[in-house]
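Here is what each chain is made of, one letter per residue.
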Amino acid sequence: MPSPAVKKSIWALAIAALIAVVVILCLPILASTQIVRDSVAQQVSAWSGYRVRLDDAPEIRVWPSFKAVLNDVVLSNWNGDGQPAVMEAERVEIDLSALAALRGEVVFTKIRLVRPVVRLDESGGVMRIPAIPKWGKLAQSVEATRSLIQANPAEPDTSALPNDSFATVEIVDGRVIVLNGVNRPPVLSSVTGTLNWPALDRSATLSAKGIWHGESIAVEASSEEPLIMLAGGKTNVSLSVNSAPLTLSFKGQADIVGNAFLHGTLESAAPSLQRVLEWTLLEDWPGSTIKAAKLKSTITGDATRVKFENAEFNLGDSSARGVFDIAFTDPHSTVSGTLAFNALDLGVLLNTLAPEPDTAAPPAAPWARDLNFDLRLSANEATAGSVSMTDIAATAQVRDGLVSLDISDATAFGGMLQLGIRLDRVEGHDQAELRITAENLNGGAMAEKLHLTSFMPRAPGSFSVFLKGKGETLDEILETSDGSISASFGEGTVPGLNLESFREHNDKGSFFPLTEIADGELAIDGAELKATLAGGIAWIDTAEAKLETGETITLGGLIPFAGRGIALSGSILPPESDKPVDENGEEASEESDPRETFFIGGSWNAPFIAPFLIE
């Protein structure tokens, strides 16, 4: 005989089974009532605050789960007659609470939106979700939470938060478009994701994927107190964004109302900064590739300014630490701050501020017109092409299309170097300025680095260059440049010049290519050059070299940049001791006649010399 305990267990199981059968049998009856059918649409409207339009009455399904299926759902503003709907969905599947249905109530446990379309408002170039009607349950919960925050902004009473149950929301193949955005591509497409928010007073998580600007993007987000964040309070949040062009993560505090607020740790990485700019700005980026970039920083800010502290920044092979901020108050956002690099590639930096034009592609809007910079930079080491520098102090600025890079102090080739570059657009033309000042440089080391095998003095020297020209390329700028060049060198040699060979050819009285006297070095005690640039032509004011023999080689004439031609006349003057004296034994005031005169013409690549003998 079964024991009493076993009998009780059998009876309990039988009663539970009977209740289950009754529930299953009753559910279709209860769910098919007009009350439940009407309540599904009413609850959607009550939560959202929008008018809900259904083409058909909800379809109630019991197996395998108790759910309502709504076809062709449209949410619109109550007073928005004639305006596009805020949201449309091909189908909405709503899982319902069976126990609540037995009571004649409708409680959602999961909402699945199939191919929904959400429309955003656009004002001043900023897209926003349309304001939720104030009478909806979600909006009223936000308003109640806002009152709690106003009562105690530092520590609102979270125990008094609305605690209504909230369904899990799934999205399948959704799109986000701009309100009245005719003939414009979707802001987001192929959106699939899940919002898990069990109750209004509990934490929420979001996991979503979609396509933005032609790239797949995945977003993971969570908030400890989402209702407080929606009401304008601060709460702990985390966010991660993953895509091929960019990965980004944030963890800290945030609110998203009004000016908003952020405080936390940000990390981001991009294989190519150029690709990120093209992706986010929807513009082809001209010129050379801007290298990989990484950023890790503590950020604090709002909608008007964001400050990056303890920032660690990498651009290509360059890395930096420092502080900077981004201000959004002017028509163009401004990045300002101080960064200290261990190594800095000046070419990458300049190309980031003002990309080189790509003549094979249509002109793109330059970076300088979209963002302003005001940066103070320092670096232990820096490179500009093959030139290496140390102990760099520089300023990089971009303001309303004007780009400037100024190196106020640097050590290079054993001496001091200063450099300034300005790029601007004046009267519809690109204009560039270049200033270089160098003191006590090792001419031999500079010639080696710049691959100047001939004519560059291997001697200590100083020089300055200033030129201003119009054009998008270096050749165009030189061909239109105005300015000046000056240089002076001490004792050393000038490779590519054999004086004895020159004199042998000179005695023959016929012209000869410069290459025939390039098999030696010319020893000098010093050299000096002064030239004026006008309209792309360098006019030689002074060019002379003092030889070890006491003789002086002088040059004069012009060198046009366009066409790369040469038109110079030269002479070799005797030593000072050979100057004629008058009857009193004093030097005559007239200069002595040169021993040789010559003409240098042709092209830069193949110059020739035509000597003139002096009897």
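Look up: the structure comes first, before these words.
Nothing here was measured: the structure is a model prediction, and the numbers come from that model.

Scoring rules and cut-offs
- Here the residue numbers are simple positions, counted from 1 along each chain's written sequence.
- Restriction of local features to residues with pLDDT of at least 70 applies here, the model being predicted, together with a cutoff of 80 or more for giving and counting side-chain atom pairs; totals for whole chains, interfaces and linings are based on all residues.
- Each side-chain value is worked out from all heavy atoms of the structure, with water and hydrogens disregarded.
- By definition, any uninterrupted DSSP run of H or I lasting at least four residues is a helix, any uninterrupted run of E lasting at least two residues is a strand, and each is numbered from the N terminus.
- Whether a residue is buried, partly exposed or exposed follows from its accessible area with a 1.4 Å probe, protein chains only, as a fraction of its type maximum: under 20%, in between, or over 50%, in that order.
- Should any heavy atoms of two residues lie within 4.5 Å, those residues are counted as being in contact.
- Any pair of N or O atoms that falls within 3.5 Å is considered a polar contact. Within protein, one atom must be able to donate a hydrogen and the other to accept it, and sequence-neighbouring residues count only if both atoms are side-chain atoms.
- The span you would expect from a helix comes to 1.5 Å times its residue count less one.
- Directions pointing from the helix axis toward each C-beta atom define the arc.
- Pairs of strands are assigned from DSSP output, requiring at least two bridges between the strands.
- Take a side-chain nitrogen of Lys or Arg and a carboxyl oxygen of Asp or Glu: if they are within 4 Å of each other, that pair is a salt bridge.
- Residues with no salt bridge and a relative accessible area higher than 30% make up the patches, which join like charges within 9 Å and nonpolar side chains (Val, Leu, Ile, Met, Phe, Trp, Tyr) within 5 Å.
- Only the protein chains shown count as cover for residues, and all accessible areas are computed by the Shrake-Rupley method using a 1.4 Å probe.
- Throughout, nonpolar core names a set of buried Ala, Val, Leu, Ile, Met, Phe, Trp, Tyr and Cys residues whose side chains join them through atoms within 4.5 Å.
- Aromatic rings from Phe, Tyr and Trp, taking only the six-membered ring of Trp, are treated as a pair when their centres fall within 6.5 Å; an angle between ring planes under 30 degrees marks them as stacked, one over 60 as edge-to-face, and anything in between as tilted.
- Two limits define a charge over a ring: the Lys NZ or Arg CZ must be within 6 Å of the ring centre, and within 35 degrees of the ring normal.

Here we come to the environment of Ser222. Within the fold, Ser222 resides in strand β10 (residues 215-223). Residue classification places Ser222 among the partly exposed positions, given a relative accessible area of 28%. Between the C-alpha atom of Ser222 and that of Asn236, which follows or precedes it by 14 residues, the distance is 8.4 Å. Apart from residues lying up to four places away in sequence, Ser222 is in contact with Ala204, Thr205, Asn236, Val237 and Ser238.

This part is about the side chain of Ser297. Here Ser297 lies in strand β14 (residues 293-301). Within the local environment of Ser297, its side chain forms a polar contact with the backbone oxygen of Glu309, the two atoms lying 3.0 Å apart. Every residue in contact with Ser297, bar those within four places of it in the chain, is listed here: Gly264, Thr265, Leu266, Phe308, Glu309, Asn310 and Ala311.

Time to look at helix α4 (residues 137-151). Between its first and last C-alpha atoms α4 spans 21 Å; for 15 residues at 1.5 Å apiece the expected length is 21 Å, and the two agree. Residues of α4 that are buried: Leu138, Ala139, Ser141, Val142, Thr145 and Ile149. The arc that holds every buried residue of α4, seen down its axis, measures 155°, which confines them to one face. Facing away from the buried side of α4, by more than 90 degrees, are the exposed residues Gln150 and Ala151.

Quick look at the pairing of strand β11 (residues 235-243) now. Here β10 runs beside β11; their pairing, made up of 7 bridges, is antiparallel. Paired with Ser222 across the two strands is Ser238, which belongs to β11. Where β11 and strand β12 (residues 247-255) come together, 8 bridges link them in antiparallel fashion. Note that in β12 the partner of Val241 across the bridge is Leu248. Here β11 hands over to β12 after 3 residues, the two strands then running antiparallel side by side.

Another aspect to go through is the pattern of salt bridges. Tallied over the entire structure, the rule returns 19 salt bridges. Linking Glu93 and Arg91 is a salt bridge whose minimum nitrogen-to-oxygen distance equals 2.9 Å. On the accessibility criterion, Arg91 (23% relative accessible area) is partly exposed. The salt bridge involving Asp325 is made with Arg305; its shortest N-O contact spans 2.8 Å. Of this pair, Asp325 sits in strand β16 (residues 318-327) while Arg305 is found in strand β15 (residues 305-315), placing the two residues 20 residues apart along the sequence.

Together, Phe511, Phe599, Phe608 and Phe612 make up a nonpolar patch on the protein surface, roughly 410 Å² of accessible area in all. Tracing the backbone shows Phe511 in the loop between α10 (499-508) and β26 (512-513). The class for Phe511 is exposed, based on a relative accessible area of 61%.

On to the nonpolar core. Among the nonpolar cores identified, the biggest contains 78 residues, and Phe308, Leu377, Met389, Ile392, Phe463, Phe502 and Ile609 are the most heavily contacted of them. With sequence-adjacent residues up to four places away left out, Phe308 is seen in contact with Leu266, Leu295, Ser297, Thr298, Ile299, Gly322, Val323, Phe324, Asp325 and Ile326. Val44, Leu75, Ile94 and Ala167 belong to the second largest nonpolar core, which has 33 residues in total.

Applying the stated criterion to the full structure yields 9 aromatic pairs. Three or more aromatic residues link up through ring pairs in this structure, and these residues are Trp47, Phe166 and Trp197. Its end group placed over the ring of Phe261, Lys234 keeps NZ or CZ at 4.9 Å from the ring centre. Lying across the ring of Trp604, Arg564 places its NZ or CZ 5.0 Å from the centre.

A word on unusual backbone geometry. Working note: non-glycine residues mostly have negative phi, and peptide bonds are mostly trans. Here Asp72, not a glycine, exhibits a phi torsion of approximately 50°, which is positive. If you trace the backbone, Asp72 turns up in strand β3 (residues 67-76). Unusually for a residue other than glycine, Asp391 sits at a positive phi of about 50°.

Looking now at the side chain of Thr168. Checked against the element boundaries, Thr168 lands in strand β7 (residues 168-178). In contact with Thr168, other than residues within four places in its own chain, are Thr109, Lys110, Ile111, Thr194, Leu195 and Asn196.

Glancing now at the environment of Gly492. The topology assignment puts Gly492 in strand β25 (residues 492-495). By relative accessible area, Gly492 is classed as buried at 15%. A C-alpha to C-alpha distance of 5.5 Å links Gly492 and Arg458, two positions 34 residues apart in sequence.

So, about the environment of Val117. Looking at where Val117 falls in the secondary structure, it is placed in strand β5 (residues 108-123). Since its relative accessible area comes to 10%, Val117 is described here as buried. C-alpha separation for the pair Val117 and Glu88, spaced 29 residues apart in sequence, amounts to 5.2 Å.

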